[in-house]
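# Structural overview for review
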Amino acid sequence: MENVIVTGATGYIGRNFIKKLLEKGCEVYAFVHRADSIRDKADTVREIVCPMDKYEEAGRQLAGRNIDTFYHFAWQGTSGRGRADYKVQLKNVQYACDAAVLAKEIGCRRFIATGTITENVAKQILEKHYSAQNLIYGLAKLYAHNMLDIVCRSIGLEYVWAQLSNIYGGDNTTGNLISYTLNEWKNDRIPSFGPCEQPYNFTHVGDVVEALYLIGTAKHVNSEYVISNGDVRKLKDFLEELSAVFGKAVGIGERQDDGIVYEKSWFDNKKLQSLNFSCKYSFCKGINNIYE
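Conventions we followed
Residues numbered from 1 in each chain as written. Predicted model: local features only at pLDDT ≥ 70, side-chain atom pairs only at ≥ 80, totals over all residues. Heavy atoms only, no water. Helix = DSSP H or I, 4+ residues; strand = E, 2+ residues; numbered from the N terminus. Expected span 1.5 Å × (residues − 1). Buried < 20%, exposed > 50% of the residue type's maximum accessible area, 1.4 Å probe, protein only. Contact = heavy atoms within 4.5 Å. Polar contact = N/O pair within 3.5 Å; in protein donor to acceptor, adjacent residues only side chain to side chain. Salt bridge = Lys/Arg side-chain N within 4 Å of Asp/Glu carboxyl O. pLDDT = per-residue confidence, 0-100.

### Focus: helix H3 (residues 86–105)
Between its terminal C-alpha atoms H3 stretches 29 Å, which fits the 28 Å expected from 20 residues at 1.5 Å a residue. Looking at H3, one finds that the buried residues are Gln 89, Asn 92, Val 93, Tyr 95, Ala 96, Cys 97, Asp 98, Ala 99, Ala 100, Leu 102 and Ala 103. Where H3 is buried, its residues touch strand E2 (27–32), helix H2 (59–62), strand E4 (69–72), strand E5 (110–116) and helix H6 (135–155). Its side-chain oxygen at 3.1 Å from the backbone nitrogen of Lys 87, Asp 85 defines the N-terminal cap of H3.

### A look at the pattern of salt bridges
Here the idea is simple: oppositely charged side chains can pair when their charged atoms come close. For the structure on display, the rule yields 12 salt bridges. A salt bridge links Lys 236 to Glu 197; the shortest N-O distance between them is 2.9 Å. Placement of the pair is Lys 236 in helix H9 (residues 235–246) and Glu 197 in the loop between helix H7 (177–186) and strand E8 (199–200), with a sequence separation of 39 residues. Classification of Lys 236 by relative accessible area gives partly exposed; the value is 24%. Salt-bridge contacts for Arg 233 lead to Glu 241; the nearest nitrogen and oxygen are separated by 3.1 Å. Classification of Glu 241 as partly exposed rests on a relative accessible area of 22%. Each of Lys 20, Glu 23 and Glu 210 takes part in salt bridges that share partners, so that together they form one network.

### Considering the confidence of the model for the protein
Considering every residue of the protein, the mean pLDDT works out to 91; 97% of them sit at 70 or more. The weakest mean pLDDT in the protein belongs to helix H5 (residues 125–128) at 71; the strongest belongs to E4 at 97.

Next up, the structure:
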């Protein structure tokens, strides 16, 4: 893997993954919404100004560049109210398929897109009658997963779906669970949660980008992977460990249970281990790094 496209280059996953690619000596074509979006840009990072709705027009800019691998991270509405905006989420599905078609057009050998553990919750929506609007995000990811499977098969493009667990560490300001907790403490508030009895996993962003790199460079890959460090415990155990390190309170049980059922099997990373993936960050190490 020498020449790589990364969409969503300025997002949490994108910017950390680009650092990994540069460490490995790759040349990166970073898709951004506007010029000069990337801070501290290296000589081997080339910005391509291309909003998601312009992917169909990007082929001309990239003709003859010998790009071998395409990572699609771009996704609007990953946090806050955007997760419940069905219009935004439906467009994301189309743009993911457009990105795959672009990858084929410019001769990429492998297309890698990212999903979420929340897809598993989305599979239960009709059966369990969940009504939380933010599940629209997980449903859209599941929809994109299935659509891409059909699109990539039809155009003859090797395709991998990397389903991400709950990510923390580094420059995370996404508002996900760890980020939310730290932000509440920063503002002298006690973060509040439900009973937190469900099985959970947190994987450090350093391990996530290593796994994504392995998926791009392996000679033979599966069609999908769960990117997880395999450490599965009750959510309250993780929160209590986080609380102990920072010496601050967490409000476990202050909210009602949302009724969403999680399963330990969702975080199984056996397929990832087949690529010789090994976790470098235990939860304790990752949290202490943040504290320090």
